[in-house]
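Working through the structure, step by step
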Amino acid sequence: NTSATTRRLFDDGTIETKNAGTVVQHLDLNNRNYLFGESHTLTSTGKDNTIGGGKSNSILGNSSGSFIGGGTGNCICNTNIAGTTIEGMEVIGGGMGNCILSNRGCNAILGGCNNCISSSIDGVNSYLNIIGGGRDNTIDAEEHNTISGGQNGIIRGNNFANHVIAGGASNSITGSHTGGSAYNY
């Protein structure tokens, strides 16, 4: 029967549920990593990660305590840089194509499309940044930065903290300083 649901407990402490031959639930009881939905990838060496639903979402790298609620094509990847502590605990609530590529942790994207929080600049440890929603927004900066929504918003810079873009289109805060700026055009 091709539409049957099967559940299997493996010797390595995992439980897998398939529906019509597709994995729809994967529980790693040893590392407390849980996947619900279809075609997800979890290759994290960390523990306590959950993908709650949706399709083709990923948690990679050294992520621990990270959560993707649902949506499609969202990705969390924590990488370890010498001398830094990965705190993990990244959150993507849902949406499509959102990514958190961090080397420290505690960042959140609540929803939207193609939003990204990253640590691509040398020396930047993205930490406690939030993108509320919108599309094509980017935070590539230190900590406590927020893009509430809008489109094509960018907060980027070394030693960059405490900045806000409330919304709008194509707003940017860039440079190399710690401050406290707010933009909404």
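Residues numbered from 1 in each chain as written. Predicted model: local features only at pLDDT ≥ 70, side-chain atom pairs only at ≥ 80, totals over all residues. Heavy atoms only, no water.

A few words now on the overall build of the protein chain. The secondary structure content of the protein chain amounts to 0 helices and 20 strands. Pairs at least 24 apart in sequence give 7% of the contacts found in the protein chain among residues at least 6 apart. (Helix = DSSP H or I, 4+ residues; strand = E, 2+ residues; numbered from the N terminus. Contact = heavy atoms within 4.5 Å.)

Bringing the side chain of Ser58 into the picture now. Structurally, Ser58 can be placed in strand S7 (residues 58–61). The residues touching Ser58, leaving out its near neighbours within four places in the chain, are Thr41, Ile51, Ile68, Asn74, Cys75 and Ile76.

Two side chains with opposite charge may pair up if their charged atoms get near one another. All told, the structure shown has 5 salt bridges when counted by the stated rule. Measuring nitrogen to oxygen at the nearest pair gives 3.9 Å for the salt bridge that ties Glu38 to Lys55. Taken together, the positions of Glu38 in the loop between strand S4 (33–36) and strand S5 (41–42) and Lys55 in the loop between strand S6 (50–51) and S7 put the pair 17 residues apart, joining distant regions of the chain. By relative accessible area, which is 40% here, Lys55 ends up partly exposed. Two residues, Arg156 and Asp140, come together in a salt bridge whose shortest N-O distance is 3.7 Å. Placement of Arg156 in strand S17 (residues 154–161) and of Asp140 in strand S15 (residues 138–143) is noted, with a sequence separation of 16 residues between them. (Salt bridge = Lys/Arg side-chain N within 4 Å of Asp/Glu carboxyl O. Buried < 20%, exposed > 50% of the residue type's maximum accessible area, 1.4 Å probe, protein only.)

For the rest of this paragraph, the subject is the nonpolar core. With 17 residues, the main nonpolar core has Ile139 and Ile155 as its most contacted residues. Residues in contact with Ile139, not counting those within four places in the same chain, are Cys116, Ile117, Ser118, Asn129, Ile130, Ile131, Asn145, Thr146, Ile147 and Ile155. (Core = buried A, V, L, I, M, F, W, Y, C linked by side-chain atoms within 4.5 Å.)

As enumerated under the stated definition, the model contains 0 disulfides in all. Unpaired in terms of disulfides, Cys75 finds its nearest cysteine sulfur in Cys77, a separation of 5.9 Å. Relative accessible area serves as the criterion here: at 18%, Cys75 is assigned to the buried category. Cys77 gets classed as buried once you look at its relative accessible area, which sits at 17%. (Disulfide = S-S within 2.5 Å.)

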